[in-house]
Amino acid sequence: MSEPLNAVIPALATCKAAVAIVTGAAAGIGWATAQRLAADGLRVALLDLRTDAAQARAAELGSIHLGLGCDVTSEESVEAAVAAVLERFGCIDALVNNAGIGDQTGPTTEQNVQAFDHVLAVHLRGTFLMSRAVARHMLHAASTPGRSRGAIVNLGSIASSTGLPARNAYSAAKAGVLGMTRAMASEWARAGIRVNAVAPGYVRTALVADLERKGAIDAAGIRRRTPLGRMAEPAEIAEVIAFLASSRSSYVTGALIPVDGGWTAFGASESALPELADEMA
């Protein structure tokens with residue numbers, strides 16, 4: 001295993017600009033978030049299991065950004081990636097734990113335990129490993145009165161607080177992410193580190209498109225059930241992530257922000273909603 005992260009912190013250069021890490025950054029919400037943070041003036045380290053894709057996306061953003069391969073389920077890979085970010089930039093101001101995968105479909109009685117474990121490893125173990133590695137740096141960062149030492153934004157889901165039939169691993173993982181968010185926020189608040197989570201509903205990503213192809217979700221039914229009458233675009237989720245990663249949310253920690261078009265707020269039958277207009281159907 002690589003040298004403990006806190007052992008290399010004293011040798012790092014002074015940070016010259018705000019820096020953010022985004023995991024699962026090569027596509028979907030992660031890529032939209034990397035673009036949004038870069039537009040806010042941050043230097044972004046884009047981490048993805050696909051090294052080439054991460055590097056290509058970083059190149060799209062510009063030479064001041066960094067693309068790295070990283071398996072968030074591997075302690076060694078995570079610590080190596082975080083050390084590389086620190087070596088390049090000298091600090092980390094924000095972490096977005098976005099890396100995720102779709103879960104297996106089908107009845108619970110027919111689900112595979114290895115597939116179950118893999119979904120939990122990516123979403124839950126990955127969030128833990130990345131947060132631990134980054135917090136080791138943030139806790140050593142210079143403290144300025146009234147200023148945050150850093151912000152961590154975790155990707156929850158409507159599954160963090162509602163039940164999705166047959167999607168056991170994903171539901172368990174996202175509920176766990178919410179619990180971890182609250183635990184870390186409570187632990188690190190006095191140290192000046194804020195930890196929050198966003199809870200997207202259904203978003204137009206490749207992952208959701210794959211679930212639709214497999215018959216695991218009913219896209220038309222989702223639109224009818226969502227008060228806003230459509231799925232989200234990745235950029236809409238990125239806007240809220242960028243807010244939570246910035247000083248604009250300086251008094252927000254331990255929160256779960258729904259970005260779901262009203263999904264979790266709505267408690268009536270679908271018949272209570274007006275029919276969708278043709279262009280939204």
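Because the structure is a prediction, the values reported are computed rather than measured.

Rules behind the numbers
- Residues numbered from 1 in each chain as written.
- Predicted model: local features only at pLDDT ≥ 70, side-chain atom pairs only at ≥ 80, totals over all residues.
- Heavy atoms only, no water.
- Helix = DSSP H or I, 4+ residues; strand = E, 2+ residues; numbered from the N terminus.
- Rg over C-alpha atoms; globule rule 2.2 N^0.38 Å.
- Buried < 20%, exposed > 50% of the residue type's maximum accessible area, 1.4 Å probe, protein only.
- Contact = heavy atoms within 4.5 Å.
- Areas by Shrake-Rupley, 256 points an atom, 1.4 Å probe, with all protein chains shown as cover.
- Lys, Arg positive; Asp, Glu negative; His and termini not counted.
- Charge placed at Lys NZ, Arg CZ, Asp CG, Glu CD.
- Expected span 1.5 Å × (residues − 1).
- Arc of directions from axis to C-beta.
- Pairing = 2+ DSSP bridges.
- Right-handed = clockwise from strand over helix to strand, strands pointing away.
- Salt bridge = Lys/Arg side-chain N within 4 Å of Asp/Glu carboxyl O.
- Core = buried A, V, L, I, M, F, W, Y, C linked by side-chain atoms within 4.5 Å.
- Axes fitted to C-alpha atoms, helices over the stretch in contact; angles between N-to-C directions.
- Polar contact = N/O pair within 3.5 Å; in protein donor to acceptor, adjacent residues only side chain to side chain.

A. Region of interest: the overall build of the protein. If you tally the helices and strands in the protein, you get nine helices and seven strands. Expected size for 281 residues packed as a compact globule is a radius of gyration near 19 Å; at 19 Å, the protein falls within 12% of this value. Projected onto its principal axes, the C-alpha coordinates of the protein cover approximately 60 × 40 × 35 Å. Within the protein, the proportion of its 281 residues that are buried is 46%. Excluding contacts between residues fewer than 6 apart, the proportion of contacts in the protein whose partners are at least 24 apart in sequence is 70%. When the accessible surface of the protein is split by element, carbon and sulfur atoms take 53% of a total near 13,000 Å². Here the protein contributes 24 positively and 26 negatively charged side chains, and the mean placements of these two sets differ by 6 Å.

B. Representation of helix α9 (residues 234-245) in the model. With twelve residues, α9 extends 16 Å between its outermost C-alpha atoms, agreeing within 8% with the 16 Å of an ideal straight helix rising 1.5 Å per residue. For α9, the complete set of buried residues consists of Pro234, Ile237, Ala238, Ile241, Ala242, Leu244 and Ala245. Along the axis of α9, the buried positions cluster into a sector of 160°, meaning they face one direction only. Where α9 is buried, its residues meet α2 (28-39), β4 (94-97), β5 (150-155), β6 (193-200) and β7 (256-259).

C. Representation of the pairing of strand β3 (residues 66-69) in the model. Bridge count between strand β2 (residues 43-48) and β3: four bridges; the pairing is parallel. Residue Ala45 lies in a different strand from β3, and its bridge partner there is Leu66. Traced from β2 through helix α3 (residues 51-61) to β3, the parallel crossover comes out right-handed.

D. Main features of the pattern of salt bridges. Enumeration according to the criterion identifies twelve salt bridges in this entry. A salt bridge links Asp40 to Arg36, with the shortest nitrogen-to-oxygen separation between them at 2.5 Å. A relative accessible area of 32% places Asp40 in the partly exposed class. Here Arg136 and Glu79 are joined by a salt bridge, their closest N and O atoms 2.9 Å apart. Of this pair, Arg136 sits in helix α5 (residues 113-138) while Glu79 sits in helix α4 (residues 75-89), and the two are 57 residues apart along the sequence. The buried category is assigned to Glu79, whose relative accessible area is 6%. Shared partners join several salt bridges into a network, and the residues in it are Glu75, Glu79, Arg132 and Arg136.

E. Examining the nonpolar core more closely. Grouped together as the largest cluster of nonpolar side chains are 32 residues, with contacts concentrated most on Ile21, Leu47, Val82, Val85, Ile92 and Met130. Elements that contribute at least two residues to this core include exactly β1 (19-23), β2, β3, α4, α5, α6 (168-188) and β6. The greatest single-element share of this core, amounting to seven residues, is contributed by α5. Among all residues touching Met130, those that are not within four sequence positions of it are Ile21, Thr23, Leu47, Cys70, Val72, Val78, Val82, Leu95 and Asn97. With 24 residues, the next largest nonpolar core counts Trp31, Leu46, Ala58 and Val259 among its residues.

F. Geometry of the sheet that holds β2. Across the sheet, which stays open at both edges, the seven strands sit in the order β3-β2-β1-β4-β5-β6-β7 with parallel pairing between neighbours. Strands with a single pairing partner mark the edges of an open sheet, and in this sheet they are β3 and β7. Averaged over neighbouring strand pairs, the angle between their axes works out to 20° when direction is ignored. In the sheet, β1 pairs with β2 via five bridges, with the strands oriented parallel. Paired with Thr23 across the two strands is Leu47, which belongs to β2. In the packing of α5 onto the sheet, contacts are made with β1, β2, β4, β5 and β6, and the angle to β4 comes to roughly 175°.

G. Spatial organisation of the side chain of Thr127. By the element assignment, Thr127 lies in helix α5. For Thr127, a relative accessible area of 5% translates into the label buried. Within the structure, Thr127 has its side chain in polar contact with the backbone oxygen of His123 (distance 2.6 Å). Excluding its chain neighbours within four sequence positions, the residues that come into contact with Thr127 are Asn97, Val122, Asn154, Val177 and Met180.

By themselves these figures say nothing about function.
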